[in-house]
Amino acid sequence: MFQLLPDVAFQAKALAALLALVLAGSAVRAKLKGNPRLPLPPGPPGHWLLGNALPRVNQSQQFAAWVNQYGPVISLRIGPKIMIIIGRHRESVDIMEKEGGVLADRPRSVAAGEMLSRGLRMVLTPAGEQFRRLRRVVHTHLQAKAVESYGPIQIQAARDVILDILNDPKRHQAHANRYAASVILRVTYGKSTPTATDAPEIVTIHKMLKHFQMLMRPGAMLVEKYPILKYVPFYASSIETWRQEESKLYHDQLGRVARELGMGEAGPSFGRYLLENQNTHKLSYEEMAYLAGSLFGAGSDTTAVAIMVVVMAAACHPEAQDIVQDELDNIIGRDRAPTFDDYDTLLQIQAFMLECLRWRPVTTLGFAHRSTADIPYKDFCIPKGAIVFGNHWAISRDPEVYPNPDKFDPQRWFGSDGGVRDDLKFPSFGFGRRICPGRHIANRSIFINTALLLWSFRITQDPNSPIDDTGFVDGVIAHPKPFEACFTPRIADEAHLREVMAKYAEGL
Ligand code: HEM
């Protein structure tokens, strides 16, 4: 009996230790699950400690494959973090839109947010007082009615794309880049901004953008896992050099607008609006410089990619192009070129644009949101603190909303009344309170370029160099790889097209 006692004591201790372990385990699980009653959404199995490994390439497509396998909303565990991927249309509306207040936050971004941008880049700003100030000023200036004043800039730049293509069709992608860069720079800093592709400012801005996109890829930077690395000088030094270059550029650009304003020479621009309303919007000079600068980052590559996809889709789908060009011939004719005033009557152009944005989404994964409270949904819970992506690629392939999703079919956007359907809305511009503030100006850019390109040219594939319509660079913004297309003027002859174009932007 006495001999048994130590055993009993040992067993009791072991039992207590086991109980403590179980309790600790369930506490961790409850924390991860956020809500002890509801589980996390399903997802692929991962390592018991490290969790899931993020796919190294084509993340949005790999996530989409998991959505097909596990359900419309899936969860992954990346070390201690929970990542939620929403991959179906209805769930994206129910969660990303209806819970927009809880999902207005961004996850911590050490490399791009803290080291490169010192917390000043709007797209990465956490929810809170600063975000609300930035959001108010950008959304006010870029709302649907307000951006109409930028129409002449867009018309002129779209006209230049046509002339550039006539002069040098092989570089059609470079022309789309130039369109986007020059429009966003003029919107941001006014008319006297240099917009030639080889202007030093433009070259630097593109370089900055590359750095930003490189730092932004989920899982790309070790410092996101080990933030302590940001204090390690040799690790941080190149990002610090990039930050200084970027900051100088943004200050120089806004400084120019301030000087022009002082001399009474500043035309309309976002920079001017900021400087004139600094007190109302309560922004520091540093915040204004970054806000203006980061518009370029957010609005140039995205717009250029959308235009390139229009060209690719037209060349790869002649039957869809026929329908648009019949409409252009019936409504516009060939003696004048379409303008913004024609938007409401060019329904086929609208459908073609919508289908381009769905068929090859500009941002395939979307941007990360962060939940600031538990979100119970159906029989699971998205826990507070989770990183949440509305995966654009997966949503664009939702077979219930977009039957035969891989088919390029602009006609899917028409309802039985012949109007363009509103209920299919694809979230090209993101979700809820973080929805892209530049969407009105972007839509107008895509519209005017689609209308003008398809009015001016029959766009076809070069039989010697067929287009790979899946050839996109894997990144935050999915750039089409270089592709060839042939542009044949649709009106009388090239000289006549040049003449119409010369008149087109007259008097702006
Ligand atoms: C085809 C063109 C464009 C596309 C596809 C696009 C798409 C997006 C997406 C997906 C987001 C993230 C939304 C989210 O977090 O859910 C975003 C954010 C943003 N976009 Fe755009 N965008 C485009 C053009 C523009 C333009 C022209 C501007 C500026 C004039 C702009 C300015 C911004 C800004 C400032 C943000 C950050 C918003 C925030 O974090 O609250 N974008 N855009």
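See the structure printed just above.
What you see is a predicted model, and the numbers here were worked out from it, not measured in a lab. (Residues numbered from 1 in each chain as written. Predicted model: local features only at pLDDT ≥ 70, side-chain atom pairs only at ≥ 80, totals over all residues. Heavy atoms only, no water.)

1. Describing the packing of aromatic side chains
So, step 1. Within this structure, the stated rule accounts for 10 aromatic pairs.
So, step 2. Between Tyr-402 and Phe-426, the ring centres sit 6.4 Å apart and the planes meet at 75 degrees, which makes this aromatic pair edge-to-face. Residue Tyr-402 is found in the loop between helix H16 (392–396) and helix H17 (439–456), and its partner Phe-426 is found in the loop between H16 and H17; the two are separated by 24 residues along the sequence. Phe-426 shares its class with Tyr-402; the two are buried.
So, step 3. Put simply, the rings of Phe-340, Tyr-343 and Phe-447 touch in pairs and so form one group of aromatic residues.
So, step 4. Here the guanidinium or amino end of Arg-360 rests over the ring plane of Trp-359, the centre of that ring lying 4.1 Å away.
So, step 5. A cation sits over an aromatic face here: Arg-397 above Trp-393, 4.1 Å from the ring centre. (Phe/Tyr/Trp six-rings, centres within 6.5 Å; stacked < 30°, edge-to-face > 60°. Helix = DSSP H or I, 4+ residues; strand = E, 2+ residues; numbered from the N terminus. Buried < 20%, exposed > 50% of the residue type's maximum accessible area, 1.4 Å probe, protein only. Lys NZ or Arg CZ within 6 Å of the ring centre and 35° of its normal.)

2. Focus on the site of the ligand
So, step 1. Inspection of the region around the ligand gives 28 residues, with Arg-106, His-369, Phe-431, Arg-434 and Cys-436 positioned closest.
So, step 2. Side-chain polar atom of Arg-106 to an oxygen atom of the ligand: 2.8 Å apart, as the coordinates give it.
So, step 3. Contact between the ligand and Ala-298: a nitrogen atom at 3.4 Å from a main-chain N or O atom of the residue.
So, step 4. Among the elements of the structure, helix H13 (285–316) and H17 are those that each provide at least two residues to the shell around the ligand.
So, step 5. If you tally residues by element for the shell around the ligand, the top one is H13, at six residues.
So, step 6. Here the shell around the ligand is composed, by residue class, of 17 nonpolar, nine polar and two charged. (Near = heavy atom within 4 Å. Polar contact = N/O pair within 3.5 Å; in protein donor to acceptor, adjacent residues only side chain to side chain. Nonpolar A, V, L, I, M, F, W, Y, C, P; charged D, E, K, R; others polar.)

3. Here's the deal with unusual backbone geometry
So, step 1. In this model, Asn-58 sits at a positive phi of 45 degrees, which is unusual for a non-glycine residue.
So, step 2. Note on placement: Asn-58 falls in the loop between helix H1 (4–33) and helix H2 (59–70).
So, step 3. Look at Asn-58 and you get partly exposed, because its relative accessible area is 37%.

4. A short note on the sheet that holds strand E3 (residues 369–370)
So, step 1. Pairing in this open sheet of four strands is mixed, and the strands run E1-E2-E6-E3 from one edge to the other. Among the strands making up the open sheet, the edge pair consists of strand E1 (73–78) and E3.
So, step 2. Relative to strand E6 (residues 387–390), E3 runs antiparallel, the two being bridged by two bridges. Pairing of Arg-370 across the sheet is with Ile-387, part of E6.
So, step 3. Here H2 sits on the sheet and contacts E1 and strand E2 (81–86); the angle it forms with E1, its principal contact strand, is near 120 degrees. (Pairing = 2+ DSSP bridges. Contact = heavy atoms within 4.5 Å. Axes fitted to C-alpha atoms, helices over the stretch in contact; angles between N-to-C directions.)

5. As for the packing of helix H14 (residues 318–331) against H17
Packed helices, taken two at a time, are described by their axes: the angle between them and the distance between them.
So, step 1. Orientation of H14 relative to H17, taken along the N-to-C sense of each, is 90 degrees, at an axis distance of 10 Å. Between H14 and H17, the angle is such that the two are roughly perpendicular. Where H14 abuts H17, its residues Gln-321, Val-324, Gln-325 and Leu-328 lie against Ala-451, Leu-454 and Trp-455.
So, step 2. Residues that form the contact of H14 with H17 fall into these classes: five nonpolar, two polar and no charged. (Parallel < 35°, antiparallel > 145°, perpendicular 65-115°, else oblique.)

6. A few points about the environment of Val-203
So, step 1. As for its placement among the helices and strands, Val-203 is situated in helix H8 (residues 200–216).
So, step 2. For Val-203, a relative accessible area of 46% translates into the label partly exposed.
So, step 3. Linking Val-203 and Ala-442, residues 239 residues apart in sequence, is a C-alpha distance of 22 Å.
So, step 4. Aside from chain neighbours lying at most four places away, what touches Val-203 is Thr-197 and Asp-198.

7. Focus: the packing of H14 against helix H15 (residues 347–359)
So, step 1. The interhelical angle for the contact between H14 and H15, taken along N-to-C directions, is 150 degrees, at an axis separation of 8 Å. Taken together, the axis directions place H14 and H15 in an arrangement best described as roughly antiparallel. In this structure, H14 uses Ala-320, Gln-321, Ile-323, Val-324, Glu-327 and Leu-328 to contact H15, whose residues at the interface are Leu-347, Gln-348, Ile-349 and Phe-352.

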